[in-house]
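Geometric and topological summary
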Amino acid sequence: EMIFLDPFCGSGTLCVAAKQLGFGNVIGSDAKEHLIEKSRRNARWFFSAASGAQAVPSEASSSSPFPQFQQANAFIRTPFTHDPSKTVVVSNLPFGRNVDFVAPPYETESSSTTSHLQLALETLKPLARTHAFISGIPIGEEMVKLGYENVSQIALDRRGKMFVAISCSNNDDDHDWKSNMIKVSDENVWFTVDEALRYDEIRQANASKRAAMRMKDGEEHDEDTTGCAIEIAKTNPNALKVIVDLSYEHDSTRALRSVAKQLCEITSISKKSKGDLRVTFASFSGDIKYESETFFNADTWNKHVEMLPNAAEECDIVHQNNIIYLSPDAEDSLTISELRDPSNIFIVGGIVDLKTRGVPTSRSKALSLGLAARKLPVKTLRPDQTHDVLNIDAVVKILRLAWEEEEEEEEAFHRAFEQVLPKRQEKEKPKRLKR
């Protein structure tokens, strides 16, 4: 019987979820026509894929298993005439870091200081007795000021970037299910809203405490030797020099997250090298920088690696050394003498996206820059290895291990491959050949 209304439906995700959870009448609206079309496409795809049906039911009927979508400006109340006692408003409010909404111009001088967020909350309040909002900033206090009742608020993200606020009116006694809603308190959550907003401050304080404890335990000497590996490496002319080229585009957030995770692994390798490995992250900006700082604390990496916005070929270090671009599509294999030559610097392409698998992207870039291209001798020494396109951190680990081995060429690479390459890929048929 309840009506589920998402007045900022965007791509329709919440409406699809509401249908899955059993709401009979699900309505989504947005001021942007292209978002309504996107919502309809997403819902058609989801329900046809879930049911295995070729034809999708019409969305005209309220009893249809398909959400209804309509273009409407949520700041104007007239499009929504449903009974508030039988309506639930749930929405991911388009405010915060990514703002894209249509708001009417302010009509009076007194309302000129009213925020768009407050205007949206004022407009949505009379539409229902129960509300749930996702937002990029905490809005619980603002909801209480505007008359929302029984407001609960929690932080979804420890770093204070996403919050949920819920309100249920006391005036509606017709629906027993609302009495089961429990107001969330700080005792019921892993981290409070205040802790999420103060994440950076708390993390810095904890880091200071750990540093004080290390000094008390006599570990300050170890911190001096391993805490600034990149500065030691800069003064070591015989250090292994590696640049990770991050200028490639990646086809998804998942690919970006994967690259950021690999950069974190490389930072750990450099930290343990004690100055024998000099690593530079080139083109470290934009999305990859955001992913690294948000999920892997990249703001602490600068003691162990260089992080530059410059392109790989523009870094100062390349003007002092011979450059070898590592590419799995290169014609010639890297030799141990080239690896151990301190005048050489190696560029590794930071690329894992599926769109470029099978396309000699890194080799083409090396040729366009007039650089020598080499590949690791994976197929030569391990012919049963199915993949010669490796993750960035795997390449750096192999270079590091082979560089420090005392054995000659073939044995040095062989030992490095044994430690780094996954055993499951030996004699494994590639997925593309299984289809």
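Calculation notes
- Residues numbered from 1 in each chain as written.
- Predicted model: local features only at pLDDT ≥ 70, side-chain atom pairs only at ≥ 80, totals over all residues.
- Heavy atoms only, no water.
- Helix = DSSP H or I, 4+ residues; strand = E, 2+ residues; numbered from the N terminus.
- Buried < 20%, exposed > 50% of the residue type's maximum accessible area, 1.4 Å probe, protein only.
- Contact = heavy atoms within 4.5 Å.
- Areas by Shrake-Rupley, 256 points an atom, 1.4 Å probe, with all protein chains shown as cover.
- Pairing = 2+ DSSP bridges.
- Axes fitted to C-alpha atoms, helices over the stretch in contact; angles between N-to-C directions.
- Expected span 1.5 Å × (residues − 1).
- Right-handed = clockwise from strand over helix to strand, strands pointing away.
- Core = buried A, V, L, I, M, F, W, Y, C linked by side-chain atoms within 4.5 Å.
- Phe/Tyr/Trp six-rings, centres within 6.5 Å; stacked < 30°, edge-to-face > 60°.
- pLDDT = per-residue confidence, 0-100.
- 1 Å grid on protein atoms, 1.4 Å probe; cavity = no way out; pocket = protein on both sides within 12 Å on 5 of 7 lines; lining within 4 Å.
- Points joined across faces, edges and corners; volume = space filled by probe spheres on them.
- Nonpolar A, V, L, I, M, F, W, Y, C, P; charged D, E, K, R; others polar.
- Salt bridge = Lys/Arg side-chain N within 4 Å of Asp/Glu carboxyl O.

**A short note on the overall build of the chain**
The helix and strand tally for the chain stands at 16 helices and 13 strands. Taken across its 435 residues, the chain has 44% of its residues classed as buried. Intrachain contacts of the chain at a sequence separation of at least 6 include 71% that bridge at least 24 residues. Total accessible area on the chain is roughly 23,900 Å²; 49% of this is exposed by carbon and sulfur atoms.

**A few points about the sheet that holds strand β7 (residues 163-168)**
Spatially, the 7 strands line up as an open sheet ordered β3-β2-β1-β4-β5-β7-β6, and their pairing is mixed. Two strands close off the open sheet at either side, each with one partner strand: β3 (68-71) and β6 (152-155). Between one strand axis and the next, the sheet turns by 15° as a mean value, whatever way the strands run. Pairing between β6 and β7: 4 bridges, direction antiparallel. Paired with Gln-153 across the two strands is Ala-165, which belongs to β7.

**As for helix α14 (residues 392-404)**
Each full turn of the α-helix corresponds to 3.6 residues, which orients residues three or four apart in the same direction. Across its 13 residues, α14 extends 19 Å between first and last C-alpha, which sits within 8% of the 18 Å expected from 1.5 Å per residue. Taking burial as the measure, the 13 residues of α14 include 11 buried ones, the bulk of the element. Ile-392, Asp-393, Ala-394, Val-395, Val-396, Ile-398, Leu-399, Arg-400, Leu-401, Ala-402 and Trp-403 are the residues of α14 that are buried.

**Let's talk about the pairing of strand β1 (residues 3-6)**
Here β1 shows a buried face lined by Ile-3 and Leu-5 and a second buried face lined by Phe-4 and Asp-6. In this view, the connection linking β1 to its parallel neighbour strand β2 (residues 25-30) by way of helix α1 (residues 13-20) has right-handed handedness. Summarising the sheet, β1 and strand β4 (residues 87-92) pair through 3 bridges and their orientation is parallel. Within β4, the position partnered with Ile-3 by the bridge is Thr-87.

**Considerations on the nonpolar core**
By size, the foremost hydrophobic cluster in this structure holds 45 residues, and its most contacted members are Leu-263, Phe-281, Leu-339, Leu-376, Leu-399 and Phe-413. Among the elements that make up this core, the one with the highest residue count is α14 (9 residues). Apart from the residues lying within four places of it in its own chain, the contact partners of Phe-281 are Val-244, Leu-246, Leu-263, Ile-266, Thr-267, Trp-301, Val-305, Glu-306, Met-307 and Leu-308. Counting residues in hydrophobic clusters, the runner-up holds 22 residues, among them Ile-27, Val-89, Leu-117 and Val-151.

**A short note on the packing of aromatic side chains**
Two measures describe an aromatic ring pair: the distance that separates the ring centres and the angle between the ring planes. Scanning the entire structure with this criterion turns up 8 aromatic pairs. With a centroid separation of 6.3 Å and an interplanar angle of 80°, the aromatic rings of Phe-133 and Tyr-148 are classed as edge-to-face. With a gap of 15 residues between them, Phe-133 in strand β5 (residues 130-135) and Tyr-148 in the loop between α4 (140-145) and β6 connect regions that are remote in the sequence. Each member of the pair, Phe-133 as well as Tyr-148, carries the same accessibility label: buried. Seen from their ring centres, Phe-281 and Phe-284 are 6.2 Å apart, and the 35° between their planes marks the pair as tilted.

**Notes on unusual backbone geometry**
The backbone of Asn-150 shows a phi angle near 50°, a positive value even though the residue is not glycine. Within the secondary structure layout, Asn-150 lies in the loop between α4 and β6. For Asn-150, a relative accessible area of 39% corresponds to the partly exposed category. With phi around 55°, Ser-283 is a residue other than glycine that occupies positive phi space. Among the structural elements, Ser-283 can be located in the loop between β9 (277-282) and α10 (286-296). For Ser-283, a relative accessible area of 12% puts it in the buried group.

**Overview of the confidence of the model for the chain**
Looking at the chain as a whole, its pLDDT mean stands at 79, while 75% of the residues score no less than 70. A low-confidence stretch, residues 54-58 (pLDDT under 50), is modelled with 8 contacts involving residues beyond four sequence positions or located in other chains. Below pLDDT 50 for its whole length, residues 219-226 participates in 11 contacts with residues either more than four positions away or in separate chains.

**Quick word on empty space enclosed by the protein**
Tallied over the full model, the rule gives 1 cavity of 30 Å³ or more. Taken together, Asn-238, Ala-239, Leu-240, Lys-241, Leu-339, Arg-340, Asp-341, Pro-342, Asn-344, Phe-346 and Trp-403 make up the full set of residues lining the largest cavity. Every element with two or more residues in the lining of the largest cavity is listed here: β8 (240-245) and β12 (344-349). Tallied by class, the residues present in the lining of the largest cavity amount to 6 nonpolar, 2 polar and 3 charged.

**Structural notes on the environment of Ala-366**
One can find Ala-366 in helix α12 (residues 361-368). Classification of Ala-366 as buried rests on a relative accessible area of 0%. For Ala-366, the residues in contact, after removing those within four places along its chain, are Tyr-325, Leu-371 and Ala-373.

**Topic: the sheet that holds β12**
Taken in spatial order, the 6 strands line up as β10-β9-β8-β12-β11-β13 in an open sheet, and their pairing is parallel. A strand with exactly one partner marks an edge of an open sheet, and here the two such strands are β10 (306-307) and β13 (372-374). For β9 and β10, the ladder comprises 2 bridges, and the chain directions are parallel. Within the sheet, the bridge partner assigned to Thr-280 lies in β10 and is Glu-306. Docked against the sheet, helix α9 (residues 253-272) engages β8 and β9, running at close to 155° with respect to β9. Contacts between α12 and the sheet are confined to β8, β11 (322-326) and β13, with β11 contributing the most and set at about 155° to the helix.

**Some words on the pattern of salt bridges**
Where charged atoms from two side chains of opposite charge come close, those side chains can pair. As enumerated under the stated definition, the model contains 13 salt bridges in all. Among the salt bridges present, the one from Glu-331 reaches Arg-363, with a minimum N-O distance of 3.4 Å. Of the two residues, Glu-331 sits in the loop between β11 and α11 (336-339) while Arg-363 sits in helix α12, which places them 32 residues apart along the sequence. On the basis of relative accessibility, which here comes to 63%, the residue Glu-331 falls in the exposed class. As a salt-bridge pair, Arg-400 and Glu-404 come within 3.5 Å of each other at their nearest N and O atoms. Of the two residues, Arg-400 and Glu-404 are both situated in helix α14; the distance of 4 residues between them amounts to about one turn of the helix. Glu-404 sits in the partly exposed class, given a relative accessible area of 41%. Among the charged side chains, a salt-bridge network with shared partners connects Glu-231, Lys-234, Arg-278 and Glu-306.

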